[in-house]
Amino acid sequence: MATLHVLSHSPFSDSRLSSCLRLLGPGDGLLLSGDAVYALQPGTAQRQALDLMPAGIALFALAEDLSARGLDASPRAQAVDYPEFVELSCRFAKVNSWL
Amino acid sequence: MSKSLLIISRQAPWAGPSAREALDIALAGGAFDLPIGMLFLDDGVLQLAPAQRPGALQQKDLGANLQALPLFGVESLYASARSLQERGLAGQPRTPAAEVLDDAALTALIDRYDQVITL
């Protein structure tokens, strides 16, 4: 029952990312959208935490939110568009949106 | 067979509508006999703190709704041990009583439910 966790808040003003990272199970996925893509900002503790996630956890970021903020996907993160977001939502057993 | 739903409530009780909204979802689901679980995480554990008297804030008492959860069939209540510890609530009495789980047990808990929402 793998879960796709979806974050959309800035990891610098909010604890959702750190709480989510503690609850990820093997095979789960993490998708960053909106301000959550700031977690991929190079040189930050948040980026480092994402880079250190176990390889079994897939990391995605919405491409348009990355480019809007002048960020690139990291080697660890796969940039996806909205059709791929939909496809991911179907691929995982459930989606947990951190509202 | 109804799908089970885990509601993760992670907002403190009196600063905004989130805590109440999460509780409303749980009560509504319970009223329709859906298998509902509720997990208090991060600031959400502050909802369980003892001796809260919000009267002067002119808000409806969340505590009354929390107490009503078992009456609505929502008996699976959980709290994060880490969140309680961080907020000095580990040794405090809590109402309603919630099962305290460590991070690994929370991962397993989420895995067990069909659907999850975090408010």
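Residues numbered from 1 in each chain as written. Chains lettered and ligands numbered in written order. Predicted model: local features only at pLDDT ≥ 70, side-chain atom pairs only at ≥ 80, totals over all residues.

**Remarks on the overall build of chain A**
Looking only at helices and strands, chain A has four helices and five strands in total. Whereas a compact globule of 99 residues would reach a radius of gyration of roughly 13 Å, chain A reaches 12 Å, a difference of no more than 12%. Its C-alpha atoms give chain A principal-axis dimensions of roughly 35 × 30 × 25 Å. Looking at chain A residue by residue over its 99 residues, the buried ones come to 35%. Of the contacts made within chain A by residues no fewer than 6 positions apart, 66% connect residues no fewer than 24 positions apart. (Helix = DSSP H or I, 4+ residues; strand = E, 2+ residues; numbered from the N terminus. Rg over C-alpha atoms; globule rule 2.2 N^0.38 Å. Buried ≥ 20, exposed ≤ 12 C-beta atoms within 10 Å, placed from the backbone. Contact = placed C-beta atoms within 7 Å.)

**Focus: the overall build of chain B**
The number of helices and strands found in chain B is four helices and five strands. Reading chain B from its N terminus to its C terminus gives the helix and strand order β-α-β-α-β-α-β-α-β. Projecting the C-alpha coordinates of chain B onto the three principal axes gives extents of approximately 45 × 30 × 20 Å. Taking all 119 residues of chain B together, the buried fraction comes to 34%.

**Details of the interface of chain B and chain A**
In this complex, chain B contributes 13 residues to the contact, which on the side of chain A involves twelve residues. Sorting the residues of the side of chain B that touches chain A by element identifies helix H4 (103-112) and strand S5 (115-118) of chain B as the ones contributing at least two each. Broken down by element, the side of chain B that touches chain A gets its largest block of residues, five residues, from H4(B). Across the side of chain B that touches chain A, the residue classes break down as six nonpolar, three polar and four charged. (Nonpolar A, V, L, I, M, F, W, Y, C, P; charged D, E, K, R; others polar.)

**What to know about the pairing of strand S3 (residues 58-62) of chain A**
Residues and elements named next belong to chain A. Where strand S2 (residues 29-32) lies against S3, four bridges are found, and the strand directions are parallel. Bridge pairing in S3 links Leu32 to Ala61. Read from S2 through helix H2 (residues 45-51) to S3, the crossover connection turns out right-handed. As paired elements, S3 and strand S4 (residues 77-80) share four bridges and run parallel to each other. By the bridge assignment for S4, Phe60 is matched with Gln78. Handedness of the crossover joining S3 and S4 through helix H3 (residues 63-68): right-handed. (Pairing = 2+ DSSP bridges. Right-handed = clockwise from strand over helix to strand, strands pointing away.)

**Thoughts on the sheet that holds S5(B)**
Residue and element names in this part refer to chain B. With parallel pairing, five strands are arranged side by side in an open sheet as S4-S3-S2-S1-S5. For this open sheet the edge positions go to strand S4 (99-101) and S5, each flanked by a neighbour on one side alone. Sheet twist, expressed as the mean angle between neighbouring strand axes with direction ignored, is 25°. Pairing analysis gives four bridges linking strand S2 (residues 36-40) to strand S3 (residues 76-80), with the strands arranged parallel. Looking at S3, one finds that Met38 is bridged to Leu77. The sheet strands contacting helix H1 (residues 18-31) are strand S1 (5-9) and S2, and the helix crosses S1 at an angle near 160°. (Axes fitted to C-alpha atoms, helices over the stretch in contact; angles between N-to-C directions.)

**A word on helix H1 (residues 16-23) of chain A**
Counting buried residues in H1(A) gives six out of eight residues, a clear majority hidden from the surface. For H1(A), the complete set of buried residues consists of A:Arg16, A:Leu17, A:Ser19, A:Cys20, A:Leu21 and A:Leu23. Contacts from the buried residues of H1(A) go to strand S1 (3-7), S2 and H2 of chain A together with H4 of chain B.

**With respect to the confidence of the model for chain B**
Averaged over every residue, the pLDDT of chain B is 92; residues scoring 70 or more account for 100%. What the predictor reports for the complex is a pTM of 0.88 with an ipTM of 0.78. (pLDDT = per-residue confidence, 0-100.)

**Quick word on the pairing of S2(B)**
Sheet faces and side chains relate simply in a regular strand, where the side chains alternate between the two faces. All names here are of chain B. Of all five residues in S2, five are buried; the element is thus mostly enclosed. The two faces of S2 match: Ile36, Met38 and Phe40 on one face and Gly37 and Leu39 on the other face are all buried. Pairing between S1 and S2: five bridges, direction parallel. Paired with Ile8 across the two strands is Leu39, which belongs to S2. Handedness of the crossover is the feature at issue here: the chain leaves S1, passes through H1, returns alongside S2, and the resulting connection is right-handed. Taken together, S2, helix H2 (residues 62-68) and S3 constitute a β-α-β crossover, and its handedness is right-handed.

**Focus: the nonpolar core**
Among the nonpolar cores identified, the biggest contains 52 residues, and A:Leu32, A:Val37 and A:Ala61 are the most heavily contacted of them. Not counting residues within four places of it along the chain, the set of residues in contact with A:Leu32 comprises A:Leu7, A:Val37, A:Ala39, A:Leu40, A:Phe60, A:Ala61 and A:Leu62. (Core = buried A, V, L, I, M, F, W, Y, C linked by C-beta atoms within 7 Å.)

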